[in-house]
Amino acid sequence: MTTQTITRGETVLDARGVTMRFGGLTAVHNVDLTVDSGEIVGLIGPNGAGKTTFFNCLTGLYVPTEGEVRFKGQVLPPKSFKVTAAGIARTFQNIRLFANMSVLENVLVGRHTRTKEGFWAAILRSPGFHRAERASRERAMELLEFVGLAHKAEHLARNLPYGEQRKLEIARALASEPGLLLLDEPTAGMNPQETRATEELVFAIRDKGIAVLVIEHDMRFIFNLCDRVAVLVQGEKLVEGDSATVQGDERVVAAYLGEPFEDAPGAEEIAEVEAAEAQAAPTTDAAPGKESDR
Ligand SMILES: Nc1ncnc2c1ncn2[C@@H]1O[C@H](COP(=O)(O)OP(=O)(O)O)[C@@H](O)[C@H]1O
Ligand SMILES: [Mg+2]
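Residues numbered from 1 in each chain as written. Chains lettered and ligands numbered in written order. Predicted model: local features only at pLDDT ≥ 70, side-chain atom pairs only at ≥ 80, totals over all residues.

1. A short note on the pairing of strand 2 (residues 25–36)
- Pairing geometry for strand 1 (residues 11–22) and strand 2, over eight bridges, is antiparallel. The residue of strand 2 that forms the bridge with L13 is V35.
- Linking two consecutive strands that pair antiparallel, namely strand 1 and strand 2, is a turn of two residues; a positive phi of about 55 degrees is found at G23 within it. (Pairing = 2+ DSSP bridges. Helix = DSSP H or I, 4+ residues; strand = E, 2+ residues; numbered from the N terminus.)

2. Some remarks on the sheet that holds strand 9 (residues 228–233)
- Spatially, 6-7-8-3-9-10 is the arrangement adopted by the six strands of the open sheet, whose pairing is mixed. Among the strands making up the open sheet, the edge pair consists of strand 6 (88–90) and strand 10 (236–241). When the angles between neighbouring strand axes are averaged without regard to direction, this sheet yields 20 degrees.
- Note that strand 7 (residues 180–184) and strand 8 (residues 211–215) share five bridges and pair parallel. Looking at strand 8, one finds that L182 is bridged to L213.
- Of the strands in this sheet, strand 3 (40–44), strand 6, strand 7, strand 8 and strand 9 touch helix 1 (residues 51–58), which is tilted by about 150 degrees from strand 7.
- Contacts between helix 7 (residues 192–207) and the sheet are confined to strand 3, strand 7 and strand 8, with strand 8 contributing the most and set at about 150 degrees to the helix. (Axes fitted to C-alpha atoms, helices over the stretch in contact; angles between N-to-C directions. Contact = placed C-beta atoms within 7 Å.)

3. Looking at the environment of G9
- Here G9 shows up in the segment before strand 1.
- As for G9 and G38, which are separated by 29 residues in sequence, their C-alpha atoms are 6.9 Å apart.
- Non-local contacts of G9, meaning those with residues more than four positions away in its chain, are made with D36, S37 and G38.

4. A short note on the site of ligand 1
- What surrounds ligand 1 is the set F22, L25, A27, G45, N47, G48, A49, G50, K51, T52 and T53.
- Of all the elements in the fold, those that place two or more residues in the shell around ligand 1 are strand 2 and helix 1.
- Take the shell around ligand 1: its biggest share by element is three residues, from helix 1.
- In the shell around ligand 1, the residues fall into four nonpolar, six polar and one charged. (Near = placed C-beta within 6 Å. Nonpolar A, V, L, I, M, F, W, Y, C, P; charged D, E, K, R; others polar.)

5. Side note on the sheet that holds strand 5 (residues 74–75)
- With antiparallel pairing, the four strands of this open sheet are ordered in space as 2-1-4-5. Since the sheet does not close on itself, it has two edges, and those belong to strand 2 and strand 5, each with one partner.

6. Overview of the nonpolar core
- Judged by nonpolar contacts, the single largest core of 65 residues is most densely connected at L144, A171, L180, L181, V212 and L213.
- Beyond its immediate chain neighbours, meaning those up to four positions away, L213 contacts L13, V35, V41, L43, L180 and L182. (Core = buried A, V, L, I, M, F, W, Y, C linked by C-beta atoms within 7 Å. Buried ≥ 20, exposed ≤ 12 C-beta atoms within 10 Å, placed from the backbone.)

7. As for the confidence of the model for the protein chain
- The pLDDT averaged across the protein chain works out to 85; a share of 84% of its residues lies at or above 70.
- Under a pLDDT of 50 for its full length, residues 1–6 has, in the predicted model, ten contacts with residues more than four places off or in other chains.
- With pLDDT under 50 throughout, residues 283–294 is counted as low confidence; its partners more than four residues away or in other chains account for one contact. (pLDDT = per-residue confidence, 0-100.)

8. Section: the environment of A188
- By the secondary structure assignment, A188 is in the loop between strand 7 and helix 7.
- The spacing of A188 and E216 is 28 residues in sequence and 7.8 Å in space, taken between C-alpha atoms.

9. Considering unusual backbone geometry
- Despite not being glycine, K72 has its phi angle at roughly 50 degrees, a positive value.
- In this fold, K72 is placed in the loop between strand 4 (66–71) and strand 5.
- We classify K72 as partly exposed; it has 16 C-beta atoms within 10 Å.
- Even without being glycine, Q234 reaches a positive phi, approximately 45 degrees.
- Relative to the elements of secondary structure, Q234 occurs in the loop between strand 9 and strand 10.

10. Side note on the environment of R96
- Residue placement: R96 occurs in the loop between strand 6 and helix 3 (103–110).
- The class of R96 is partly exposed, set by 13 C-beta atoms lying within 10 Å.
- Distance from R96 to Q165, taken between C-alpha atoms, is 9.1 Å for residues 69 residues apart in sequence.

Right, dumping it as structure tokens:
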């Protein structure tokens, strides 16, 4: 894998005031988010919070209604293939592979933004493609090795078990040699073992100098992995911080439980318990016998 020389802490992704409306529905509202080089940033939030829509705004699939997205200082062009060429790659919540192509071919297709010959040359295997092919195949095999799929290079993508299809999606995304990788629910449908392996894979990707922004519902995965986590609720960024900050924020819990935090049911009971504890406290300190025994 080619290592990129990126100084840790340089802002790779800078999304400012991103808003996306669909008719009357505001799916994403005024979201700011940065990702620095060397960072793994998590994006969490309940279903329908706008996470995937936000990704779509970052990758040129949608043109945000308002706001601006910069990658390494440059405003992104509003076309997904240009965004990929600029250095942002992604995987999809719903796996998008070429089911009837081999594992290796899927990765080769992912390289088309990095080879002069392009997408159709890769598909049609034109003369120009053959010249570039060997180098491309070597790189693709390297990536398959990296995600642990080299032994299945010649298998049809559709014959891979689900967890391996997700890995293949990651290999294909990496084939465009991105500076930033966006992962949309990379462990959805995986068993705990596969999830752990994916965690290691994401760390390894980060160690290659690729910044990562990841959407996931598996909180253990997110909090183990991420340097920073942003919480999206109803299209707005509610909280952002390190794992401890986000886990300790009552609004996040409330958002997931779907209850308004203020006047939450049970507040009275909590007050009663606290009052009872306060009363009980002096008795505990002066536990019978303890003080007099010493
Ligand atoms: N292309 C679209 N057209 C209209 N509404 C959409 C479109 N994409 C997403 N939405 C709506 O935007 C909201 C956010 O969806 P989504 O970004 O998929 O949420 P998440 O990924 O957080 O679960 C939902 O209410 C969804 O129905
Ligand atoms: Mg989604």
